[in-house]
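One letter stands for each residue in the lines below.
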Amino acid sequence: MKNIGAYDYQYFKSSKKFQLDPVRAERQAHAIMEHFPGNVLDVGCGWGAVVKLLRDYGVEAYGVDNAEALRDIWNSDYFSIEDARALPHEDKQFDVVFSADFFEHVYEDEIELILDEMKRVGHHVIAEIAFEAPLTERQAKYHVTNKPKEWWKEKLPGVEIL
């Protein structure tokens, strides 16, 4: 992704409370579990709260992100640095491919390519998206695609949007 350099350790440290919020992770995990997956890939997983929770529930879950800073945070072999534009996984390898607060961080011209990759490696794609809202200067730096819910529904056909 074009703005990869912005996602340094300081970014993840400042978003830790949000990303590790247990209520948020539980809600997301339950939405995924409704599909009775044997395995899940979380694209743009950040700190990996949902991956860890799904593993606690007995699901074979993996998290990927492209931010090198996460290597010092994860400390587990079920997380890896990967480019969402070219996921190194087999076709339909995962029952569910999930992302939360990820697509807003992707430039518009890359969304379709990333979506195609997620659909290629997964049977079902679920995305949680923060819909268009007034953004602070800091948020605007990272949320490069800030659009209303209807736009996302059109842009992400076949995706279950939370």
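What counts and what doesn't
- Note that residues are indexed from 1 along each chain, following the sequence as it is written.
- Residues qualify for local features only when their pLDDT is at least 70, as the model is predicted, and side-chain atom pairs are given and counted only at 80 or more; totals for whole chains, interfaces and linings, by contrast, use all residues.
- Note that the side-chain values use all heavy atoms of the structure and ignore hydrogens as well as water.
- Within this scheme, the nonpolar core is defined by two criteria: the residues are buried Ala, Val, Leu, Ile, Met, Phe, Trp, Tyr or Cys, and they are joined through side-chain atoms within 4.5 Å.
- For the exposure calls, accessible area comes from a 1.4 Å probe over protein chains only, and a residue counts as buried if that area is under 20% of its type's maximum, exposed if over 50%, partly exposed in between.
- Strands here mean DSSP runs of E at least two residues long; helices mean DSSP runs of H or I at least four residues long; both are numbered from the N terminus.
- The contact definition used throughout considers only heavy atoms, calling two residues in contact when any of these lie within 4.5 Å.
- Only strands that DSSP links by at least two bridges are regarded as paired with each other.
- Inter-axis angles, ranging from 0 to 180 degrees, are taken between N-to-C directions of lines fitted to C-alpha atoms, where helices are fitted over the stretch in contact.
- In what follows, roughly perpendicular refers to angles from 65 to 115 degrees, roughly parallel to angles under 35, roughly antiparallel to angles over 145, and oblique to any angle outside these ranges.
- Put simply, a crossing is left-handed when the front helix is turned counterclockwise from the back one by less than a right angle, and right-handed when it is turned clockwise.
- Note that Gly is not counted as nonpolar here; it falls among the polar residues with everything else outside the nonpolar set of Ala, Val, Leu, Ile, Met, Phe, Trp, Tyr, Cys and Pro and the charged set of Asp, Glu, Lys and Arg.
- Working definition: rings of Phe, Tyr and Trp (its six-membered ring) pair if their centres are within 6.5 Å, and the pair is stacked with planes under 30 degrees apart, edge-to-face with planes over 60 apart, and tilted otherwise.
- In this analysis the charged atom, NZ for Lys or CZ for Arg, is taken to sit over a ring once it is within 6 Å of the ring centre and within 35 degrees of the ring normal.

## Some points on the nonpolar core
Stage number 1. If you look at the biggest cluster of nonpolar residues, it comprises 28 residues, and the most contacted ones within it are Phe12, Ile32, Val40, Leu54 and Phe98.
Stage number 2. For this core, the secondary structure elements donating two or more residues are helix 1 (9-14), helix 3 (22-33), helix 4 (49-56), helix 5 (71-74) and strand 4 (94-100).
Stage number 3. Looking at this core element by element, the count peaks at 5 residues for helix 4.
Stage number 4. Setting aside residues no more than four positions away along its own chain, phenylalanine 12 makes contact with Tyr7, Gln19, Gly46, Trp47, Ala67, Ala69, Leu70 and Ile73.

## Details of the sheet that holds strand 3 (residues 79-81)
Stage number 1. Taken in spatial order, the 6 strands line up as 3-2-1-4-5-6 in an open sheet, and their pairing is parallel. With one partner strand each, in any of the chains shown, strand 3 and strand 6 (159-161) form the two edges of the open sheet. Going from strand to strand, the sheet's axes swing by 25° on average, the running direction of each strand aside.
Stage number 2. In this sheet, strand 6 lies alongside strand 5 (residues 122-128) in parallel orientation, the contact comprising 3 bridges. In the sheet register, isoleucine 126 faces strand 6, and the bridge partner there is glutamate 160.

## Brief notes about the packing of helix 3 against helix 4
Stage number 1. At a minimum axis separation of 9 Å, helix 3 and helix 4 run at an interaxial angle of 60°. Judged on the interaxial angle alone, helix 4 and helix 3 are oblique. In the packing of helix 3 onto helix 4, the handedness of the crossing is right-handed. Contacts between helix 3 and helix 4 involve Ala25, Glu26, Gln28, Ala29, Ile32 and Met33 on the former and, on the latter, Ala49, Val50, Leu53 and Leu54.
Stage number 2. Classifying every residue of the contact of helix 3 with helix 4 by side-chain character gives 8 nonpolar, 1 polar and 1 charged.

## Some thoughts on the packing of aromatic side chains
Stage number 1. The tally for this structure, following the rule as stated, stands at 6 aromatic pairs.
Stage number 2. Relative to phenylalanine 79, the ring of tyrosine 78 lies with its centre 5.0 Å away and its plane at 45°, an arrangement referred to as tilted. With respect to burial, tyrosine 78 and phenylalanine 79 carry one shared label: buried.
Stage number 3. Each residue in the set Phe102, Phe103, Trp151 and Trp152 is aromatic and connected to the rest through ring pairs, giving one cluster.
Stage number 4. The ring of tyrosine 62 carries arginine 55 above its face, with NZ or CZ at 5.1 Å from the centroid.
Stage number 5. Lying across the ring of tryptophan 151, lysine 147 places its NZ or CZ 5.4 Å from the centre.

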